[in-house]
Every structure is written in structure tokens, then in C-alpha cells.
Amino acid sequence: MDHLDGRIRVVRGDITSLTVDAIVNAANRTLLGGGGVDGAIHRAAGPGLLDECRGIGGCPTGEARLTGGYRLPARHVIHTVGPVWHGGARGEPDQLAACYRNSLALAAKQGLRTVAFPAISTGVYGYPIEDATRIAVREVAAFLAGHPGIEQVTFVCFSDRDAAVYERECSRA
Ligand code: APR
């Protein structure tokens with residue numbers, strides 16, 4: 001479903017299949033791969049992605065790093081490291097917001113126009129999906145308002161439940 005004049009859309013599926021300028025990876029601070037969407041992206045991209053990530057030397061929580069897409073249909077991967085959920089009183093909301101802002105800032109700086117996000121931190125890192133989605137939609141809508149160069153952001157949900165939460169939050173934006 002489309003929102004914000006079609007500049008935000010919500011889809012249900014596998015982010016590794018999207019042909020966009022960049023897909024965002026919910027990585028860990030080592031950038032050396034893992035499970036979840038991180039594992040899926042590295043499996044689909046092939047070994048070249050891990051080689052490039054090794055050269056970056058890690059990424060602090062809340063920040064983002066750009067690499068090539070290798071065997072993915074996406075041209076680039078933007079790796080960002082979400083916060084681990086510890087109840088919400090240890091700066092997690094601000095760190096998660098920074099993931100979305102910094103990923104989009106990197107895309108804008110690179111002149112990328114279409115970006116796809118997974119639901120960062122809502123899997124292994126345990127961030128409650130409703131709270132995380134509210135932050136994701138708020139930050140992306142705010143960034144798009146100030147950056148016409150980013151044509152479209154896609155939220156890729158891996159379950160119908162998550163997609164329903166995103167649709168509800170986008171309808172409120
Ligand atoms: N496409 C889209 N979304 C996916 C995919 C996929 N192929 N696989 C998983 N997801 C979804 C999950 O269902 C969840 O909603 O991505 C969201 C983020 O979950 P995780 O991948 O577990 O990421 P996160 O919670 O940020 O934890 C990051 O997990 O994989 C490790 O190396 C990673 O240590 C890091 C941690």
C-alpha cells in the first residue's frame with residue numbers, strides 16, 4: 001500500500017528480492033554477518049559483500065555504512081546497527097531513530113533515489129514492533145519532507161502482522 005503521495009510504501013516479502021538503489025541491512029556492530037535479515041542479505045549477495053564489510057572494520061549502533069550490492073538485485077546495501085531492546089530507558093528510541101536518519105542521509109549523499117528498510121531491531125534485538133514502527137515511519141516521513149531526491153522508501157515486512165502494524169502507522173502519518 002502507498003502513503004505520502006506514493007513516496008512511502010509497505011510491502012510483505014523478502015528484502016533481498018527488491019530491485020531498488022539500496023536495501024538496508026539490520027546488521028550488528030562487527031558487520032560480519034549474522035542471522036535474520038543480515039544472514040539473508042549476505043547469502044543472497046555472496047562472499048564479495050563480506051569481503052567489503054571486513055574492510056570497513058565495524059559500525060557503531062545508530063550509524064550506517066554503504067557497500068555494493070554484489071549478486072543482489074539492489075545496487076547497494078546500507079548496513080545499520082539497531083539498538084538491542086533493554087526496556088526503552090537506555091537510549092534505544094533515539095538510537096533506532098538515528099538508524100533511519102543516518103541510513104537515509106547516506107543514501108541522499110550518494111544520490112540514491114529508492115531505499116528499502118526491514119523492521120530494524122524488531123527480531124533478534126527484541127524491539128517491540130509497534131514502538132519501532134512508530135519511530136521508523138516518523139523518521140522516514142520527516143526525512144522525505146526535507147529531501148525530494150529520495151523518491152521512494154519501501155518498508156519490507158516479513159510477516160502479515162508486521163505489515164498490518166506498518167500500514168496502521170503509515171495511515172496515521
Ligand atoms: N527480508 C525482510 N525482512 C526480514 C528478512 C528478509 N529476508 N529476514 C528477517 N526479516 C525481518 C525480521 O522478521 C524482523 O522483522 O527483519 C526484522 C529484523 O530482524 P533481525 O534480522 O533479527 O534483525 P535485528 O532484530 O535488528 O537483530 C540484528 O540479528 O541477524 C542478526 O547480525 C544480526 O546481530 C544482528 C541482529
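Here the structure is shown first, and the text comes after it.
Residues numbered from 1 in each chain as written. Predicted model: local features only at pLDDT ≥ 70, side-chain atom pairs only at ≥ 80, totals over all residues. Heavy atoms only, no water.

Draft legend 1. Structural view of the sheet that holds strand β1 (residues 2-3). Taken in spatial order, the seven strands make up an open sheet running β1-β2-β7-β6-β3-β5-β4, and their pairing is mixed. A strand with exactly one partner marks an edge of an open sheet, and here the two such strands are β1 and β4 (64-68). Judged from the six bridges that link them, strand β3 (residues 22-27) and strand β5 (residues 76-81) form a sheet pairing that is parallel. Along β5, the bridge assignment pairs Val24 with Ile78. Sheet strands in contact with helix α1 (residues 36-45) are β3 and β5, and its direction is about 130° off that of β3. (Pairing = 2+ DSSP bridges. Helix = DSSP H or I, 4+ residues; strand = E, 2+ residues; numbered from the N terminus. Contact = heavy atoms within 4.5 Å. Axes fitted to C-alpha atoms, helices over the stretch in contact; angles between N-to-C directions.)

Draft legend 2. Just the pattern of salt bridges, in detail. If you walk through the whole model with that rule in mind, you get 12 salt bridges. A salt bridge links Asp21 to Arg75, with the nearest nitrogen and oxygen atoms 3.2 Å apart. Here Asp21 is found in the loop between β2 (8-12) and β3, whereas its partner Arg75 is found in the loop between β4 and β5, with 54 residues between them in sequence. Of the charged contacts, one joins Glu151 and Arg113 as a salt bridge, the two residues approaching to 3.3 Å between their closest N and O atoms. With Glu151 in the loop between α4 (129-146) and β7 (152-157) and Arg113 in the loop between α3 (92-109) and β6 (114-117), this residue pair connects regions lying 38 residues apart in the sequence. Looking at Arg113, the relative accessible area reads 42%, which means it is partly exposed. (Salt bridge = Lys/Arg side-chain N within 4 Å of Asp/Glu carboxyl O. Buried < 20%, exposed > 50% of the residue type's maximum accessible area, 1.4 Å probe, protein only.)

Draft legend 3. Just the environment of Tyr127, in detail. Assignment of secondary structure puts Tyr127 in the loop between β6 and α4. In sequence terms Tyr127 and Gly82 are 45 residues apart; their C-alpha atoms lie 9.2 Å from each other. In this structure Tyr127 touches Pro83, Trp85, Glu92, Pro93, Leu96, Ser121, Thr122, Ala132 and Ile135, once residues within four positions along its chain are discounted.

Draft legend 4. Here's a closer look at the packing of α4 against helix α5 (residues 160-172). It is the contact of α4 with α5, at a shortest axis distance of 9 Å, that shows an interaxial angle of 45°. Judged by the inter-axis angle, α4 sits oblique to α5. The handedness of the crossing between α4 and α5 is right-handed. Touching Ile129, Glu130, Thr133, Arg134, Ala136 and Val137 of α4 are Arg161, Asp162, Val165, Tyr166, Arg168, Glu169 and Cys170, all from α5. For the contact of α4 with α5, a count of residues per class yields six nonpolar, one polar and six charged. (Parallel < 35°, antiparallel > 145°, perpendicular 65-115°, else oblique. Left-handed = near helix turned anticlockwise from the far one by under 90°. Nonpolar A, V, L, I, M, F, W, Y, C, P; charged D, E, K, R; others polar.)

Draft legend 5. View of the packing of aromatic side chains. All chains considered together, the criterion is met by four aromatic pairs. Consider the rings of Tyr100 and Phe117, whose centres lie 4.8 Å apart with planes at 45°: the pair is tilted. Linking Tyr100 in helix α3 with Phe117 in strand β6, this pair joins segments that are 17 residues apart in sequence. For Phe117, a relative accessible area of 0% puts it in the buried group. With centroids separated by 6.4 Å and ring planes inclined at 35°, the aromatic side chains of Phe117 and Phe155 adopt a geometry described as tilted. Of this pair, Phe117 sits in strand β6 while Phe155 is found in strand β7, placing the two residues 38 residues apart along the sequence. Judged on exposure class, the residue Phe117 and its partner Phe155 are both buried. (Phe/Tyr/Trp six-rings, centres within 6.5 Å; stacked < 30°, edge-to-face > 60°.)

Geometric values such as these leave the question of function open.
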